[in-house]
Amino acid sequence: MFESGRPILVVPSIQKDGIKLGCILVCWDGSRTAARALADSMPFLERAKSIEVINVGNGRREDEESLAAVGRHLARHGLNSSTKALIADGSDVANVILSHAADLSADLIVMGGYGHSRLREFVLGGVTRGILDTMTVPVLMSH
């Protein structure tokens, strides 16, 4: 993912069927990697029946404004989406994302991967590692 300059699609070992694009969950934190993942996922988003863009944070106004901007961006591309700000409340962000994906019956998760340094991610873990370790649906990641 770091050297390819391309997104990767990671499929969990439990996936037996082809990838469906009924419901796509886009994880948004306003970062460069999230913007890259959003742009890279446009061919998938264009085929989706529903798109939800989420931000897992602490309820800051800036997060909600950023989510609204993403919704407008997708609308300019003719895509209908909903946005939702989720609060982590001390929970692991990866668990919040995966739990919400399960609640939505999401078919694909789109997210930026490794937004922090590799050393920090290795030592402290991170959302990317948490998702890769426990994902139950395919994930499209970009760096």
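About the thresholds
Residues numbered from 1 in each chain as written. Predicted model: local features only at pLDDT ≥ 70, side-chain atom pairs only at ≥ 80, totals over all residues. Heavy atoms only, no water. Helix = DSSP H or I, 4+ residues; strand = E, 2+ residues; numbered from the N terminus. Buried < 20%, exposed > 50% of the residue type's maximum accessible area, 1.4 Å probe, protein only. Contact = heavy atoms within 4.5 Å. Pairing = 2+ DSSP bridges. Axes fitted to C-alpha atoms, helices over the stretch in contact; angles between N-to-C directions. Patch = residues over 30% accessible without salt bridge, like charges linked within 9 Å, V, L, I, M, F, W, Y side chains within 5 Å. Areas by Shrake-Rupley, 256 points an atom, 1.4 Å probe, with all protein chains shown as cover. Salt bridge = Lys/Arg side-chain N within 4 Å of Asp/Glu carboxyl O. Parallel < 35°, antiparallel > 145°, perpendicular 65-115°, else oblique. Left-handed = near helix turned anticlockwise from the far one by under 90°.

Caption draft 1: Region of the structure containing the overall build of the chain. Helix and strand counts for the chain stand at six helices and six strands. Going from N to C terminus, the chain has its helices and strands arranged as β-β-α-α-β-α-β-α-β-α-α-β. Expressed as a percentage of the 143 residues in the chain, the buried residues total 40%. The long-range share in the chain, meaning contacts at least 24 apart out of those at least 6 apart in sequence, stands at 77%.

Caption draft 2: Up close: the sheet that holds strand β4 (residues 82-87). Overall, mixed pairing links the six strands, which are arranged β1-β6-β5-β2-β3-β4 in an open sheet. Taken across any chain shown, the strands that pair with only one partner, and hence form the sheet edges, are β1 (8-10) and β4. Taking each pair of neighbouring strands and ignoring which way they run, the sheet shows an average axis angle of 25 degrees.

Caption draft 3: Focus on a nonpolar patch on the surface. There is a patch of nonpolar side chains on the surface, built from Leu9, Val11 and Ile19 and spanning about 210 Å² of accessible area. Checked against the element boundaries, Val11 lands in the loop between β1 and β2 (23-27).

Caption draft 4: Looking closely at the packing of helix α4 (residues 93-104) against helix α6 (residues 127-134). The contact between α4 and α6 brings their axes to 8 Å, and the two run at 45 degrees. In terms of orientation, α4 lies oblique with respect to α6. Judged by the sense of rotation from one axis to the other, the crossing of α4 with α6 is right-handed. Taken together, the residues of α6 that come into contact with α4 (itself represented by Val93, Ala94, Ile97 and Leu98) are Val127, Gly130, Ile131 and Thr134.

Caption draft 5: Inspection of unusual backbone geometry at higher detail. One non-glycine residue, Ser105, lies in positive phi territory at about 55 degrees. Tracing the backbone shows Ser105 in the loop between α4 and β5 (108-112). Overall, Ser105 belongs to the exposed group, its relative accessible area being 53%.

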